[in-house]
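Summary of the model geometry
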Amino acid sequence: MTNFKRHLAALATGIAGAALLAGVAFADAALVYDGGGKFDKSFNEAAYNGAEKYKAEGGAYQDLEISGDAMREQAIRQFASRGNSPIVLPGFSWETALKTVAPEFPDTKFTIIDTVVDLPNVQSVVFKEQEGSYLVGILAALKSESGKIGVVPAFNFDLLEAFACGYKLGAKSVKPDIEVLETYVGTGFEAFNDPVKATEVAKSQLDQGVDVIFQVSGGSGAGVLQAAADAGKFGIGVDSNQNHLHPGHVLTSMLKRVDVATYNAMKGAEDGTWKPGLIVLGLAEDGVGAAFDDNNAALITDEMKAAVEKATADIKSGAVTVHDFRTDKNCPA
């Protein structure tokens, strides 16, 4: 049996039940993870945590991990045909498949995270990643002793460059002369799931004197954080709070509340508040931020905390606007 058939068989088994026996459509929510899998300790796992919160409050959802791009359309269509709604799709790589499938199921609600699909039954949730990255850039610059910090995006893509640019701008706002190295894991979506290559990339930056590295590479980022910890330096996590992965060596994490977007989509569909259209989550909406907890408390000085608090207030008030790389494909850092 092919991987695809295996996945669909598992899906059919997982959502078969009494409701289907009578031909009654499911009203359960559905979540289909992007590349990297459910437990990537980053983006997908944040979506899973949001769905689990919904479940803990009495909601029900079905989920599925895909093994490749060929499964995207089939996975969405399979859930939609069984009546699941909303169907939550975390990741910009779902855009093409959703544009194809959503018009076939006009009564099904779809929520896509990280890109915009302008269809009457689609809710698009995007983030101001540059704002949260600005904050962790401040922390990286103030922590660095070498005057060199790094950022490792999965590949050259506008969304990932928005993270990198915000990071550079934040760092240079407190240390204008700091050097920021940027190196990619790979050249395409597969780079989100290659921690071995990410380790090599991180080591190359460390060898050049970098002492703080921001990973923006999903599941691959585990390799970046591991390399930094092994070298006695500091990594910065992304999407989920990754401070616990290497306590004492993860300076902070740039939180991107994919969990909130997932939970809100499922809960909103249940209580009737779900609406199609664009939702933008930034610092003002608590959609992004820097993670502070017991795992990094000893690494953060009062000066660093105060700098982040001031920048947060300035961004929320509009006194500081963090440039979004996506607006002009340029970073003024």
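For the structure, check the block above.
This report concerns the structure included in the present document.

So, how was this worked out
- Residues numbered from 1 in each chain as written.
- Predicted model: local features only at pLDDT ≥ 70, side-chain atom pairs only at ≥ 80, totals over all residues.
- Heavy atoms only, no water.
- Disulfide = S-S within 2.5 Å.
- Helix = DSSP H or I, 4+ residues; strand = E, 2+ residues; numbered from the N terminus.
- Pairing = 2+ DSSP bridges.
- Axes fitted to C-alpha atoms, helices over the stretch in contact; angles between N-to-C directions.
- Expected span 1.5 Å × (residues − 1).
- Buried < 20%, exposed > 50% of the residue type's maximum accessible area, 1.4 Å probe, protein only.
- Arc of directions from axis to C-beta.
- Contact = heavy atoms within 4.5 Å.

Quick look at the state of the cysteines
Under the criterion given, the structure shown has one disulfide. Note on cysteine connectivity: Cys-165 is disulfide-linked to Cys-331, with sulfurs 2.2 Å apart. Across the S-S bond linking Cys-165 and Cys-331, the dihedral sits near 90 degrees, which makes this disulfide right-handed. A residue pair is termed long-range when its members are at least 10 positions apart, and Cys-165 in helix α7 (residues 158-174) and Cys-331 in the segment after α12 (325-328) qualify at 166 residues.

Considerations on the sheet that holds strand β6 (residues 148-153)
Taken in spatial order, the six strands line up as β7-β6-β8-β9-β10-β12 in an open sheet, and their pairing is mixed. Both outer strands of the open sheet, β7 (179-182) and β12 (288-290), are each paired with one neighbouring strand and no more. Neighbouring strand axes in the sheet, compared pairwise and without regard to direction, differ in orientation by 15 degrees on average. Note that β6 and strand β8 (residues 212-216) share four bridges and pair parallel. Bridged to Pro-153 within β8 is Val-216.

Structural notes on the sheet that holds strand β5 (residues 122-127)
The strand order β2-β1-β3-β4-β5-β11 describes an open sheet built from six strands, whose pairing is parallel. Either end of the sheet is taken by a strand with one partner, and the two such strands are β2 (61-65) and β11 (277-281). The sheet shows a mean angle of 20 degrees between the axes of neighbouring strands, taken without regard to direction.

Focus: helix α8 (residues 195-207)
Taking 1.5 Å per residue, 13 residues should reach 18 Å; α8 reaches 18 Å between its end C-alpha atoms and fits that length. Residues of α8 that are buried include every one of Ala-198, Thr-199, Val-201, Ala-202, Gln-205 and Leu-206, and no others. One face of α8 carries all of its buried residues, which in axial projection span an arc of 165 degrees. Turned more than 90 degrees away from the buried face of α8, the exposed residues are Val-196 and Asp-207. Turning to α8, the residues buried within the fold contact β6, β7, β8 and α9 (221-230). A positive phi of about 105 degrees marks Gly-209, the residue just after α8.

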